[in-house]
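# Residue-level structure breakdown
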Amino acid sequence: MNLSRFSLFGFVLAFACLCLSASCGGGGSSSTNNNSNPDDPASYNSGPDKYRIAMRTGCEETAGTNAKMYIQLNGDKGTSKTFLLENPLGEEFVSCSRDVFEIKLDKDIGKLGGFFLWHDNTGTDPSYKVEIVDVTYLKTGKKIGFPCGKWFATDMDDGKTKREFFDYRECK
């Protein structure tokens, strides 16, 4: 009798941990564009600034996109070059997924103030819904969440395919 209680308790505990992991960004698919070891913090202590960009796609059936996505970071000392967000190993921006990319800046932009995110409106299904974008500064591990919940689409929401994220507020 006690053994079955422990088995049930173990099952409930495992299920709770799985649910917690999924709600904290562990669910959905994930792709990484990375030339370094993300588990080695020492690799981020010198050289150019590196950021991890994690994007959560909406869960609507048509929320994913096959358009080309771009990002440009803005800081108090300047603006980064434009980065194409792509994963050479697989598909990204699928409905209800989390896509992760790492980018290296070629210059110091100072303290991150925000960024522009957009797509080129190409492909057979360019409309894209972004729920949230998390930006992590890899030298310090500081992570900032930028909520959005809007479509990047000419035929949905407000018709914009480019949005500005700034001051940790909702995207515009």
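The coordinates are above.
A brief look at the structure comes next. (Residues numbered from 1 in each chain as written. Predicted model: local features only at pLDDT ≥ 70, side-chain atom pairs only at ≥ 80, totals over all residues. Heavy atoms only, no water.)

### Topic: the state of the cysteines
Linking two cysteines covalently via their sulfur atoms produces the bond known as a disulfide. Heads up, the rule is: Cysteine sulfur atoms that pair up within 2.5 Å are treated as a disulfide. Elements are defined by DSSP. Helices are runs of H or I of four residues or more, strands are runs of E of two residues or more, and each kind is numbered from the N terminus. The buried label goes to any residue with under 20% of its type's maximum accessible area, the exposed label to any with over 50%, and the partly exposed label to all in between, with areas taken from a 1.4 Å probe on protein chains only.
Inspection of every chain in the model, using the stated rule, returns 1 disulfide. One disulfide in the model links Cys59 with Cys96; its S-S distance is 2.0 Å. One disulfide, between Cys59 and Cys96, carries an S-S torsion of 65° and so falls in the right-handed class. Taken together, the positions of Cys59 in the loop between strand S2 (50-57) and strand S3 (69-75) and Cys96 in the loop between strand S5 (83-85) and strand S6 (98-104) put the pair 37 residues apart, joining distant regions of the chain. Overall, the relative accessible area of 52% leaves Cys59 in the exposed class. For Cys96, a relative accessible area of 36% corresponds to the partly exposed category.

### Observations concerning the pattern of salt bridges
The criterion, for reference: For this analysis, a salt bridge means a side-chain nitrogen from Lys or Arg found within 4 Å of a carboxyl oxygen belonging to Asp or Glu.
Tallied over the entire structure, the rule returns 8 salt bridges. A salt bridge links Arg52 to Glu102, with the shortest nitrogen-to-oxygen separation between them at 2.7 Å. One end of the pair, Arg52, is in strand S2; the other, Glu102, is in strand S6, and 50 residues separate them in sequence. Salt-bridge contacts for Arg163 lead to Asp158; the nearest nitrogen and oxygen are separated by 2.6 Å. Residue Arg163 is classed as buried on the basis of its relative accessible area, which comes to 1%.

### Description of the pairing of strand S9 (residues 142-152)
The condition is simple: Two strands pair if DSSP finds at least two bridges between them.
Two strands pair when backbone bridges link them, and strand S8 (residues 128-137) and S9 are joined in this way by 9 bridges, in the antiparallel orientation. Bridging from a neighbouring strand, Lys129 pairs with Trp151 of S9. In textbook terms, the turn of a hairpin is the stretch between consecutive antiparallel strands, and for S8 and S9 this stretch comprises 4 residues, one of which, Gly141, has a positive phi near 80°.

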